[in-house]
Amino acid sequence: MTLNTSGYLPHIAYDSVIFGFSGEKLKILLIEYHNTGWLALPGGFVKVNEPLDEAVKRGLRERTGLDQIFLEQFYTFGSLERVKPEIMKKILTAHDKDISDDHWLLDRFISVGYYALIDYDKVEPTPDALSDSINWYDVDQIPELLFDHNFIVKKALDHLRTHLDEKLLSVNLLPERFTMKELQQVYEAILGEKLNRANFQRKMLSLGILDRHEKLYSGGSHKAPYLYSIKKKG
């Protein structure tokens, strides 16, 4: 079967690091290419008549079922070492796609990196046309990925950690209302370290970005924690 790529821009691609929080672990979505066992980040190409951001949103919508997704463009990847035409050809051959040796899919690519923060519980992972599966993996146990995708994950995580207060709290990985403990668990999962409870609470309250609500009563004898939400902008 001949592969039709006439509607796409050559030599430009995107790769998405999709973060979700399971309640205990920070996770990312990885795809497994058909009949290869190879794992990679979800990515794709840009149509001739669409903006780059819209291409990324389209790819995420197709793979997660979600429309309203926070996206951050964080880096552009263009090293010569990421050129591996033999891998791309095997991926396409495994899916019965014919491609000529001089096709642009086998040439050098510039890839724009995005990361997304999404609600883990609302995702319906859906594999694309070239993959057998798409599943969540713990961010601290990422297996060997194709191309330079392990490096892309590292860069995305570094960027998220550097801008944690700004990015995490602008689009929450938690439900609309959450306890301070739940918020701390998200921070610890992203930073990869334990935080002092009292210091963390003091810092969060000093930022002026949280609204406090009623207490969360569970019927137990322990002290009920307050619920919080992110203050609405404007």
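Residues numbered from 1 in each chain as written. Predicted model: local features only at pLDDT ≥ 70, side-chain atom pairs only at ≥ 80, totals over all residues. Heavy atoms only, no water.

Under an unreviewed UniProt entry, the name given to the chain is NUDIX domain-containing protein, and the source organism is Algoriphagus limi.

Draft legend 1. Quick look at the overall build of the chain. Along the chain, the regular secondary structure elements total 6 helices and 10 strands. Along the three orthogonal principal directions, the C-alpha set of the chain runs to about 70 × 35 × 30 Å. Counting over 234 residues, the chain shows a buried share of 44%. The contacts in the chain between residues at least 6 apart in sequence include a share of 71% that link residues at least 24 apart. If you sum the accessible surface of the chain, you get close to 12700 Å²; carbon and sulfur atoms cover 48% of it. Averaging the coordinates of the 30 positive side-chain charges in the chain and doing the same for the 34 negative ones gives two points 9 Å apart. (Helix = DSSP H or I, 4+ residues; strand = E, 2+ residues; numbered from the N terminus. Buried < 20%, exposed > 50% of the residue type's maximum accessible area, 1.4 Å probe, protein only. Contact = heavy atoms within 4.5 Å. Areas by Shrake-Rupley, 256 points an atom, 1.4 Å probe, with all protein chains shown as cover. Lys, Arg positive; Asp, Glu negative; His and termini not counted. Charge placed at Lys NZ, Arg CZ, Asp CG, Glu CD.)

Draft legend 2. Region of the structure containing the packing of helix α5 (residues 180-191) against helix α6 (residues 197-206). Here α5 crosses α6 at 100°, and the two axes come no closer than 11 Å. Judged by the inter-axis angle, α5 sits roughly perpendicular to α6. Taking contact as the criterion, the partners of M180, L183, Q184 and Y187 in α5 are, on α6, R197, F200, Q201, K203, M204 and L205. Classifying every residue of the contact of α5 with α6 by side-chain character gives 6 nonpolar, 2 polar and 2 charged. (Axes fitted to C-alpha atoms, helices over the stretch in contact; angles between N-to-C directions. Parallel < 35°, antiparallel > 145°, perpendicular 65-115°, else oblique. Nonpolar A, V, L, I, M, F, W, Y, C, P; charged D, E, K, R; others polar.)

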